[in-house]
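These are the residues of each chain, in order.
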Amino acid sequence: MSEHPINTAERAPSTRRGSLAAGRLGVGDVVFFVVSAAAPLTVVASAAPTSMRMGGIGAAGAMLVCAVVLILFALGFTAMSTHVRNTGAFYAYVSRGLGKPAGLGVSFVTIFAYAILTVCFYGFIGFFGELTFGGLFGIQLPWVVWSLIAAAVVALLGYRKIDVGAKVLGVLLTAEVAILLVLSVAVLVQGGPEPWSAAPFDPKEIFFAAGAGSLFVVGFGAYLGFEGTAIYAEEARNPRRTVPIATYLAIGFLGVFYAFTFWMLTVAFGADGVIEIARGDAFETMVFAAGAEYLGDWAAVVMQVLIVTSFFACLLAFHNASSRYLYSLGRERLLPAALGRTHPKTKAPYVASAVMSVIAVAAILVAFLLGADPFLQFAIWTYATGVAGLVFAQAVAAVAVVGFFARNRRGHSVWRVLVAPAIGAAGLITGFLLIAFNFEIVTTMTGPINWVLLAPTPLLFIVGIVIAMIIRRRDPGRYAALAENLDDERADA
């Protein structure tokens, strides 16, 4: 990588097609987007009983281990954000750390992963919308109606200013976190049927118990989208400060929150009792049962409603991130140039947002017409595929951070930009392998279908590399301009 500044004329092809609204998002806004993408209530309500069912009592400790791995990666990731400012995030980072062919390859994987994860949440929200509004309010509508209503609202918010979406996410996120914290305090004050146990944090229960690998399949999936802090760098106020702080806050909050609430369930039902429930037929209702027992039936009702809003918050966050990835590659004409346009007034990437909405509506209608189960097929299959792709992209980006700083540490410590991200990369690579070789745990299917769902990740990575090499041979000038900073001066010059 050249250490010399690139003048604005050389970058003109990537900047003239539109720019995002700079300085619109603060630390809190970015944290809300990222934490909402992780959907903490849905993780606690679904992942906690599922991971305990498959991997045992060490689920809470595994959440902390995953958080530590991601923070180690984030140390280098955020250091790199001060030198690479581009809404393409992984695409730009990998291009600068491992070369543009690898960057383009990971960009295709990331866009696919984000897009398919966005689609999967329409299945979840349709399923829980039908269940909640039908059971609680007597509004009997098929799941497809709730999915399409969500698609319409997301399309509207995606078209408007991004801070409108951030405010919506802030309200929804606060409500879902609050109910879980209230429940946790009630459990701790009232006490459970057994003495408190530290078994969830015992290393032998985390790393060596039967089925321990499944804890990390669920664990890494629980932090999906944490890298979204870098995606919003162009729209953040003082991104050199905002991006690192938001990243550490998001991962740190999620790690502590997940570990605490998972452990809270072992207090509520006892270390032995919670495993008995997790391995029973009604394991999915564990959190709702805790709410009804320790707070009253009203809490179970509130949590059923908040499950729907939590999935909506998650959906909006992933829609915004997907739109910005499409925008980034459209701006560089790696995808149709129209995707690189922003609204003249709101500066939102409205074309990319509209395209994501069209893709989502098409997927919803196809799934409905084929008679797919909204949860077990439409949502779970696409979720599993998206998780695999995104963890793969995170692993490649972690290696890219080491590659970027290996040539020049740019004033950072060896620990922050080499040692910590290298350990994080090893953890993420291990995480991806655990997901790949335990994929049937997520999909609940056996046989070749699992490899079919995994195939897009390596295939898209290879396709991106090939396309980059073709561009390099046919249009060296265009190739040289790919994935460059948007600033007039290179931060690492």
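Refer to the structure above for everything that follows.
Residues numbered from 1 in each chain as written. Predicted model: local features only at pLDDT ≥ 70, side-chain atom pairs only at ≥ 80, totals over all residues. Heavy atoms only, no water.

(A) Summary view of the overall build of the protein. Each helix and strand in the protein was counted, giving 22 helices and zero strands. Relative to its 493 residues, the protein shows a buried fraction of 59%. A sequence separation of at least 24 residues applies to 83% of the contacts in the protein between residues at least 6 apart. On the protein, roughly 18200 Å² of surface is accessible, and the fraction owed to carbon and sulfur atoms is 68%. (Helix = DSSP H or I, 4+ residues; strand = E, 2+ residues; numbered from the N terminus. Buried < 20%, exposed > 50% of the residue type's maximum accessible area, 1.4 Å probe, protein only. Contact = heavy atoms within 4.5 Å. Areas by Shrake-Rupley, 256 points an atom, 1.4 Å probe, with all protein chains shown as cover.)

(B) Seen up close, the environment of Arg-324. On the secondary structure map, Arg-324 appears in helix α15 (residues 297–331). Of the residues examined, Arg-324 reaches a relative accessible area of 3% and is grouped as buried. Distance in space between the C-alpha atoms of Arg-324 and Gly-340 is 9.1 Å, their sequence separation being 16 residues. A distance of 3.1 Å separates a polar atom in the side chain of Arg-324 from the backbone oxygen of Asn-320. (Polar contact = N/O pair within 3.5 Å; in protein donor to acceptor, adjacent residues only side chain to side chain.)

(C) Representation of the side chain of Ser-310 in the model. Here Ser-310 is to be found in helix α15. Discounting residues that sit within four places of it in the chain, Ser-310 has contacts with Ala-39, Leu-41, Thr-42 and Glu-176.

(D) Spotlight on helix α6 (residues 100–137). Here α6 contains 38 residues, and its C-alpha end-to-end distance of 53 Å stays within 8% of the 56 Å for a straight helix at 1.5 Å per residue. Of all 38 residues in α6, 30 are buried; the element is thus mostly enclosed. Among the residues trailing α6, Gly-138 stands out with phi positive, at a value near 70°. (Expected span 1.5 Å × (residues − 1).)

(E) Highlighting the environment of Phe-392. You can see Phe-392 is positioned in helix α17 (residues 374–406). The exposure class of Phe-392 is buried, given its relative accessible area of 16%. In this structure, Phe-392 is in contact with Val-109, Phe-432, Thr-457 and Phe-461, ignoring residues within four places of it in sequence.

(F) Up close: the nonpolar core. Ranked by size, the top nonpolar core spans 159 residues in total, and within it Tyr-258, Phe-262 and Leu-265 carry the most contacts. For this core, the element with the most residues is α17, which contributes 18 residues. (Core = buried A, V, L, I, M, F, W, Y, C linked by side-chain atoms within 4.5 Å.)

(G) Representation of the packing of aromatic side chains in the model. If you walk through the whole model with that rule in mind, you get 30 aromatic pairs. Taking 6.1 Å as the distance between ring centres and 40° as the angle between the ring planes, the aromatic pair formed by Phe-121 and Phe-124 counts as tilted. A residue pair is termed a helical-turn pair when its members lie 3 or 4 positions apart in one helix, as Phe-121 and Phe-124 do in helix α6 at three residues. The exposure class assigned to Phe-121 is buried, which follows from its relative accessible area of 5%. You can call Phe-124 buried: its relative accessible area is 6%. Between Phe-127 and Phe-375 the ring centres are 5.0 Å apart and the planes differ by 55°, which places this aromatic pair in the tilted class. Taken together, the residues Phe-127 in helix α6 and Phe-375 in helix α17 connect sequence positions 248 residues apart. Residue classification places Phe-127 among the partly exposed residues on the basis of a relative accessible area of 27%. Given a relative accessible area of 22%, Phe-375 falls into the partly exposed group. Pairwise contacts between aromatic rings join Tyr-114, Phe-121, Phe-124, Phe-127, Phe-128, Phe-311, Phe-318, Tyr-325, Phe-375 and Tyr-383 into one cluster. The aromatic ring of Tyr-479 is capped on one face by Lys-100, whose charged end is 5.5 Å from the ring centroid. A cation over a ring is seen here: Arg-410 above Phe-404, with NZ or CZ 4.1 Å from the ring centre. (Phe/Tyr/Trp six-rings, centres within 6.5 Å; stacked < 30°, edge-to-face > 60°. Lys NZ or Arg CZ within 6 Å of the ring centre and 35° of its normal.)

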